[in-house]
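Chain and residue survey
Chain residues, written in single-letter form:
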Amino acid sequence: MRKLLAALSTAGLLAIAWPANGSLTPLVFGAFIPMLWLEKVIRLSDSKHRGRQVFFYAWLSFGLFNLGTTWWVSYAHWSGTAATTIVNGGLMAFCFWLFHIVSRNLGAAKGLILLPFLWMPVEYLHMDWDMSFPWLNLGYVFANRPSWIQWYSYSGIWGGTLWVLWVNAILFRSFLPSQPKATVISWVLKSIFIIGIPVGVSHWMYAHYEEVGRPVNVVSVQPNLDPYSVKFTLDDEETVDRFISFAKPYLSDSTDYLIGPETMIGKGRLNEATLSYTRAIQKLQHLSDSLPKLRTVIGLSSHLRYRSKETETARPLGNNGGYVDQFNTSIQNGPTGMEIPRYHKSKLVVGVEKVPFKWLFEPLLAGGIDLGGATGTLGGQTDRAVFTREMDSSVIATPVCWEADFPGYTAEFVRNGAQALFAITNDGWWNDTPGKTQHMYYASVRAIENRRDVVRSANTGISCYINQRGDISHQIPYETDGAFAAVVYLNDELTLFTKSGDVGGRISIFISIAVLLSIVVKLRTGR
């Protein structure tokens, strides 16, 4: 019973520490202690199958943590919640099982030191595999506390994972019953130091940071079109008229950018070869004709047709011959006659826009799960394209939907020249749950890591402006239509994180491999 309570305690503490899910952030520094105690009890017991016990208790604990923080995915489809609970919970349990193996063979102290480096490879795996899910990477637990994590501009969220797990390890050592009182006091002081110093340094950085870059004027619109109903009762022209009507009170000759959400138009999937001849696009061009500085950045569902199968994702057109690729696209639209640059979303949502392990699941999920936008197995692109405004060389990028949840991926936009990030998304499918708020907070982390202003346009909310310190303002409440204007700073400087990307995850893989090889050598040689 005590072991079960320990597993449940870790799950509960992690869940209520998570942003918008309780937001009791300090609890994360002790959340792993019950599971560390459980592992120690099992490791020191005479029980058979100790590794198996650790794995299944960990799977229960971390599976419930996943369920407790991402239950809202079920509003789109029950399979999403099941996958995060079972698959991601299992991967986290595997990391904890590796910690158990290391502790048994190299000693408990070394196991605790190495715990973060055994955990982070799975977080790194979620950056790029068929079932990517970076949502619960431990560094995100501080996403709603920007004043605590200004040093993410050096380490990224990887530093947050390291911080969480090492503090838990130190506190766990502090309260071992065999420890002398003086040693306990020493370990407690160490834990205060390792919590307090990063927070103190971050508060100093926060207080002294000033926005960097050239100011531009941006208007963001939240049209609030229900992705399951209203969005499909309006045609593209009506949608654009509505969009412009919300923006007009904020537009002037000095407005540089107007932003709309993901898949705002293109219900019939617009042909990219003829975009300029589309009435909805022409309405936006006419708006820029009257305001020549203005560039409109929106999302749309689009397609390209080919005579032959030019890409892996191209589908046959049936009896008509040829092939078609479908895309979740962002564009930058200017005055009539100007070229329309495009970017195709490439971090695709599993099961919705991408069939994982196609050889196994494509027959089951060939049509995808409909979330009120682009669905099925979509096309993408290999480069992180940015949009340049020729008149003054302003450069922006448009991470679409959850692309902004991938730290290294977003940093690629910035390395390619993006001076600000316009995050366009459609969060309406998960209703008024913690999911849409967590998504907003994660954008704050990207702002800090790259020191880039982020402007969000979310179909049903939450649209907002986030400055380079990660402060969130100009929020438009969920399920409310409207717009806001903000002064955005275009920054050219690159942070250490932007330059290095997900190096923390890569380092953890090398360390894990080295540790596991050392255990193999020890077992084979008996040393």
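Residues numbered from 1 in each chain as written. Predicted model: local features only at pLDDT ≥ 70, side-chain atom pairs only at ≥ 80, totals over all residues. Heavy atoms only, no water.

For the pair helix 1 (residues 2–17) and helix 2 (residues 33–43), the least separation of the axes is 8 Å and the interaxial angle reads 150 degrees. Compared by their axis directions, helix 1 and helix 2 come out roughly antiparallel. In this structure, helix 1 meets helix 2 at a crossing whose hand is left-handed. For the pair helix 1 and helix 2, contact is made by Arg2, Lys3, Ala6, Ala7, Ser9, Thr10 and Leu13 and by Pro34, Met35, Trp37, Leu38, Val41 and Ile42, respectively. Residues that form the contact of helix 1 with helix 2 fall into these classes: nine nonpolar, two polar and two charged. (Axes fitted to C-alpha atoms, helices over the stretch in contact; angles between N-to-C directions. Helix = DSSP H or I, 4+ residues; strand = E, 2+ residues; numbered from the N terminus. Parallel < 35°, antiparallel > 145°, perpendicular 65-115°, else oblique. Left-handed = near helix turned anticlockwise from the far one by under 90°. Contact = heavy atoms within 4.5 Å. Nonpolar A, V, L, I, M, F, W, Y, C, P; charged D, E, K, R; others polar.)

Below, the discussion takes up the pattern of salt bridges. Applying the stated criterion across every chain, the model contains 18 salt bridges. The partner of Asp130 in a salt bridge is Lys354, and the shortest N-O contact between them spans 3.6 Å. Highlighted residues: Asp130 in the loop between helix 5 (108–125) and helix 6 (152–155) and Lys354 in the loop between strand 7 (342–344) and helix 11 (358–365), separated in sequence by 224 residues. By relative accessible area, which is 25% here, Asp130 ends up partly exposed. Using a relative accessible area of 25% as the deciding quantity, one classes Lys354 as partly exposed. Between Glu272 and Arg342 there is a salt bridge, and its shortest N-O distance comes to 2.6 Å. Of this pair, Glu272 sits in the loop between strand 3 (265–271) and helix 10 (279–290) while Arg342 sits in strand 7, and the two are 70 residues apart along the sequence. The class for Glu272 is buried, based on a relative accessible area of 5%. (Salt bridge = Lys/Arg side-chain N within 4 Å of Asp/Glu carboxyl O. Buried < 20%, exposed > 50% of the residue type's maximum accessible area, 1.4 Å probe, protein only.)

Residue pairs three or four apart in sequence face the same way in an α-helix, which turns once every 3.6 residues. The element helix 12 (residues 407–415) is extensively covered by neighbouring structure, given that seven of its nine residues are classed as buried. The complete set of buried residues in helix 12 reads Pro407, Gly408, Tyr409, Thr410, Ala411, Phe413 and Val414. Tucked into the core, helix 12 has its buried residues touching helix 7 (157–174), strand 7, strand 9 (394–397), strand 10 (420–425), helix 13 (434–450) and helix 14 (496–500). A positive backbone phi angle near 115 degrees is found at Gly417, which sits one or two residues after helix 12.

Counting residues in each nonpolar core, the largest one holds 109 residues, and the members touching the most others are Phe32, Phe142 and Phe422. For this core, the leading source of residues is helix 7, giving nine residues. Those residues within four positions of Phe422 in sequence are excluded, and the remaining contacts are Val218, Tyr257, Ile259, Val297, Ile396, Ala397, Thr398, Pro399 and Val455. Among the nonpolar cores identified, the runner-up in size contains 24 residues, and Ile244, Leu258, Ala280 and Leu284 belong to it. (Core = buried A, V, L, I, M, F, W, Y, C linked by side-chain atoms within 4.5 Å.)

This paragraph deals with the sheet that holds strand 10. One open sheet accounts for six strands, arranged 8-9-10-11-12-13; its pairing is mixed. Bordering the open sheet on either side are strand 8 (387–389) and strand 13 (472–476), each of which pairs with just one other strand. Mean inter-strand twist for the sheet, computed between neighbouring axes without regard to direction, equals 20 degrees. Pairing of strand 12 (residues 463–466) with strand 13 involves three bridges; the strand directions are antiparallel. Bridged to Ser463 within strand 13 is Ile476. (Pairing = 2+ DSSP bridges.)

Glancing now at the confidence of the model for the chain. Considering every residue of the chain, the mean pLDDT works out to 91; 93% of them sit at 70 or more. Note on residues 365–375: pLDDT under 50 across the span, and 44 contacts to partners over four residues away in sequence or across chains. (pLDDT = per-residue confidence, 0-100.)

Another aspect to go through is helix 7. In this model helix 7 runs 26 Å from its N-terminal to its C-terminal C-alpha over 18 residues, within 8% of the 26 Å that 1.5 Å per residue would give. Among the 18 residues of helix 7, 15 are classified as buried, and the element is accordingly described as predominantly covered. (Expected span 1.5 Å × (residues − 1).)

Take the packing of helix 2 against helix 3 (residues 50–70) next. Between helix 2 and helix 3, the shortest axis-to-axis distance is 9 Å and the interhelical angle comes to 165 degrees. By the criterion of interaxial angle, the relationship of helix 2 to helix 3 is roughly antiparallel. The two elements helix 2 and helix 3 cross, and the hand of that crossing is right-handed. On helix 3, the residues that touch Met35, Leu38, Glu39, Ile42 and Arg43 of helix 2 are Arg50, Gln53, Val54, Tyr57, Ala58 and Ser61. Each residue belonging to the contact of helix 2 with helix 3 can be placed in one class, and the counts come to six nonpolar, two polar and three charged.

This part covers a nonpolar patch on the surface. Taken together, Met1, Leu4, Leu5, Leu8, Leu60, Leu64, Leu67, Trp71 and Tyr75 make up a surface patch of nonpolar side chains, about 810 Å² in accessible area. For the nonpolar patch, the elements supplying multiple residues, two or more each, are helix 1 and helix 3. (Patch = residues over 30% accessible without salt bridge, like charges linked within 9 Å, V, L, I, M, F, W, Y side chains within 5 Å. Areas by Shrake-Rupley, 256 points an atom, 1.4 Å probe, with all protein chains shown as cover.)

Moving on, we get to the pairing of strand 1 (residues 214–222). Where strand 1 and strand 14 (residues 482–490) come together, nine bridges link them in antiparallel fashion. What sits directly across from Val221, in strand 14, is Ala483. Strand direction decides the pairing type here: strand 1 and strand 2 (residues 257–259), joined by three bridges, are parallel. From the neighbouring strand, Ser220 faces strand 2, where its bridge partner is Ile259.

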